[in-house]
Amino acid sequence: MSIKSSPSRYGSVAIAIHWLTALAIFGMLFSGLAASNAANPQTQFTLLRGHAVMGTLIGALTIFRVVWWQAFDKRPKDQPGLSRLQKGAAHAVHYGLYAVILVMVSSGFATVIMTGANLQLFGAAPLPLPDFTLAPPMTVHGILSRVLIAMLIGHIGAALWHQFIRRDRLLARMGLGR
Ligand code: HEM
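We now turn to the structure provided with this report.

Definitions and cut-offs
Residues numbered from 1 in each chain as written. Predicted model: local features only at pLDDT ≥ 70, side-chain atom pairs only at ≥ 80, totals over all residues. Heavy atoms only, no water. Donors = N, O, S within 2.8 Å, 3.2 Å for Na, K, Ca; no water. Tetrahedral: all angles 85-135°; square planar, octahedral: opposite > 155°, others 65-115°. Helix = DSSP H or I, 4+ residues; strand = E, 2+ residues; numbered from the N terminus. Buried < 20%, exposed > 50% of the residue type's maximum accessible area, 1.4 Å probe, protein only. Near = heavy atom within 4 Å. Polar contact = N/O pair within 3.5 Å; in protein donor to acceptor, adjacent residues only side chain to side chain. Nonpolar A, V, L, I, M, F, W, Y, C, P; charged D, E, K, R; others polar.

**Quick notes on the coordination of the iron atom of the ligand**
Protein coordination at the iron atom of the ligand: the donors are His-51 (NE2) and His-141 (NE2), at 2.0 to 2.1 Å from the metal. Coordination at the iron atom of the ligand comes from 6 donor atoms whose angles at the metal span 88 to 179°, giving a geometry best classed as octahedral. Of this pair, His-51 sits in helix H2 (residues 41–72) while His-141 sits in helix H5 (residues 136–166), placing them 90 residues apart in sequence. Comparing His-51 with His-141 shows no difference in burial state: the two are buried.

**Let's talk about the site of the ligand**
For the ligand, the set of nearby residues contains 24 residues, the closest of which are Ser-36, Gln-44, His-51, His-141 and Arg-146. Between the ligand and Ala-35, the relevant distance is 3.3 Å, taken from an oxygen atom to a main-chain nitrogen or oxygen of the residue. At 2.9 Å from an oxygen atom of the ligand is found a side-chain nitrogen or oxygen belonging to Arg-146. Mapped onto the shell around the ligand, the elements with two or more residues apiece are helix H1 (12–37), H2, helix H3 (84–115) and H5. Looking at the shell around the ligand element by element, the count peaks at 7 residues for H1. Looking at the shell around the ligand, its residues break down into 14 nonpolar, 9 polar and 1 charged.

Any link to function would need more than the numbers given here.
Structure, rendered in structure tokens:
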């Protein structure tokens, strides 16, 4: 498999970034929701430390992804036979996902820094963690997490529709199957 994409398939770098990000985002949704519902301060601390580190890696990977597409690689062509509306919706969700991920990462950082929780998570300041709901960026973080979940449902639903109803082997373009 080539490092770069061809007109019909994604290259190995794009495939690796896609599946790594997908896995990490599910981990982030789980750890974020679990941390904000944790009754035990130590559990909340452990979950949130992992959440912040993983979120930083996702942010870096997403910036690398944007640079990769802009400077080094060209996206495969759209699947043949799709309407303008279907192509437009697919592109809007794909670019929207990058934007939502980057705002999630920035609002997460802003929340942690504004509340001083960075000194607890990565320093020696004592627990318990602050009430994050008092920080305005946390409102953005919470709302966008629901928007992200809705976009992921649309994205995964569309991929399954292509694969199993339209039967155009879309997933093979992203490295799953032939
Ligand atoms: C793609 C990246 C991210 C995703 C998908 C994500 C997802 C989430 C979700 C779903 C929640 C729960 C929201 C709620 O209960 O309404 C949450 C909470 C939170 N996230 Fe993130 N997050 C991301 C990045 C980050 C980063 C980079 C940081 C910090 C550096 C961060 C800090 C926080 C904090 C402080 C909370 C509140 C936790 C609590 O209440 O105990 N997030 N996140």
